[in-house]
Amino acid sequence: MTDLVGLLRSRRSARVPFDPARPIAPGDLDLILEAARWAPTPHNMQNFEIVVVDDAALLESLGEIPTTVSPEFLRENYAQLSFSEEELARRKVGILGAGFPPSWLDPAAWESPLAGTERTRKLQSSLLGCPMLLVVLYDTGRRAPASQGDALGLIGLGCVLENMWLAAQSRGISLQVLATLAGGDLGPVLAKLLNTPDRMRVAFGCRLGYPLADSVEGPRVRRDTGGFAFHNVYGNADFSGSPDTR
Ligand SMILES: Cc1cc2nc3c(=O)[nH]c(=O)nc-3n(C[C@H](O)[C@H](O)[C@H](O)COP(=O)(O)O)c2cc1C
C-alpha cells in the first residue's frame, strides 16, 4: 500500500523541457497502453482511441500549428494562479503563475496588442522537445446512457489519463497533459495530420519524456484531507489523513 501511495504522490505534471534524443522504450509504451486498456469507463464503453506520435517529422509539423488562448481562458486561468510560492502554500489549491507569459498574468494587458501576440503561439512552445506525444481521442458516437453532456463518458477519459500517468510514472517517465490540443481551432488541422475519422475528437494530449538534466520542477500543493472529506455530515471534518498519506 505504501508503494501505491508513493506512486500516487510522486506523479506530477512535468512542465519542463524533455530530452528529444531520449526515446520512450517500446516496453514502457506497451505498459502505458496496457494501463489505458484497463481503465474503467461507463458501461465499459471504451470510448477512446490513442494516436502515439513519435515520428520526428510529424512532431515537428505538429509543433508548427498555431494555438490561440481565448480571453475566457486568460480570465479563468488567472483565477487559479498564485503569484509566489508562499501564496500557493497558503492557498493549497491552484498553480504558480510563474512560467506563463507575463501578459497572461496582467489583466490590464489582456487587451493590449502585445498580449494579442503572446496569445498566439506555436504548439512547439508546449511540446518542448518531447520525443513522444499521445493524442487521446474520444468517440462522439458513444455516450454513457442518460448522462447529461456525456459527463460520465468524460470521466471515463479521466480514468484513462490517470491510469496512463501512473504507469508512466512507475517507469520514471514524465508526463504533461496538453489540454490545448483539444481546442476547437486545432481540431481540423490535427485531424488532417493524424488522419483521424470524423467521429473521433481530441480529448487531450500527453507529452512524454525525460526532463533535461538541469530542469527544475515547481512546488505542488494539496488541501488537507479534512478540507474536503466530511464525516457523515457535510462540514464535519474528522479526517486528517493517516501517517501513510502524509
Ligand atoms: C483533465 C486535465 C487537464 C489538464 N490540462 C493541463 C494542461 O493543459 N497543461 C498543464 O500543464 N497541466 C494540465 N493539467 C495538470 C494539472 O494542472 C495538474 O494535475 C494539477 O495542477 C496538479 O499538479 P500535479 O499534476 O503536479 O499533481 C491537467 C490535468 C487534468 C486532469
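Right, let's talk about helix α8 (residues 151–170) for a bit. Helical geometry: 3.6 residues make up each α-helical turn, so side chains three or four residues apart lie on a common side. Taking 1.5 Å per residue as the helical rise, α8 with its 20 residues ought to reach 28 Å, and the 29 Å between its terminal C-alpha atoms agrees with that figure. Every buried residue of α8 is accounted for by Gly153, Gly156, Leu157, Val160, Leu161, Met164, Trp165, Leu166, Ala167 and Ala168. Trailing α8 by a residue or two, glycine 172 shows a phi angle of about 75°, which is positive.

Taken as a whole and judged by the stated rule, the model has five aromatic pairs. When the centroid spacing of 5.6 Å and the interplanar angle of 50° are considered together, the rings of tyrosine 78 and phenylalanine 83 count as tilted. Here tyrosine 78 falls in the partly exposed class, since its relative accessible area comes to 28%. By way of ring pairs, the aromatic residues Phe73, Phe100 and Trp104 are connected into one cluster. The cationic tip of arginine 11 hangs over the ring face of tryptophan 165; the distance from NZ or CZ to the ring centre is 4.2 Å. The side chain of arginine 207 reaches across the aromatic face of phenylalanine 18, ending 3.8 Å from its centre.

What follows is about the pattern of salt bridges. Within this structure, the stated rule accounts for 10 salt bridges. Here glutamate 217 makes a salt bridge to arginine 12, at a shortest N to O gap of 3.8 Å. Here glutamate 217 is found in the segment after β8 (200–209), whereas its partner arginine 12 is found in the loop between α1 (2–10) and α2 (26–37), with 205 residues between them in sequence. Look at glutamate 217 and you get partly exposed, because its relative accessible area is 27%. According to the relative accessible area criterion, arginine 12 is partly exposed, its value standing at 23%. For arginine 142, the salt bridge goes to aspartate 139, with nearest N and O atoms at 3.1 Å. On the basis of relative accessible area, aspartate 139 is assigned to the buried category, the value being 4%.

The rules behind each value
- Residues numbered from 1 in each chain as written.
- Predicted model: local features only at pLDDT ≥ 70, side-chain atom pairs only at ≥ 80, totals over all residues.
- Heavy atoms only, no water.
- Helix = DSSP H or I, 4+ residues; strand = E, 2+ residues; numbered from the N terminus.
- Expected span 1.5 Å × (residues − 1).
- Buried < 20%, exposed > 50% of the residue type's maximum accessible area, 1.4 Å probe, protein only.
- Phe/Tyr/Trp six-rings, centres within 6.5 Å; stacked < 30°, edge-to-face > 60°.
- Lys NZ or Arg CZ within 6 Å of the ring centre and 35° of its normal.
- Salt bridge = Lys/Arg side-chain N within 4 Å of Asp/Glu carboxyl O.

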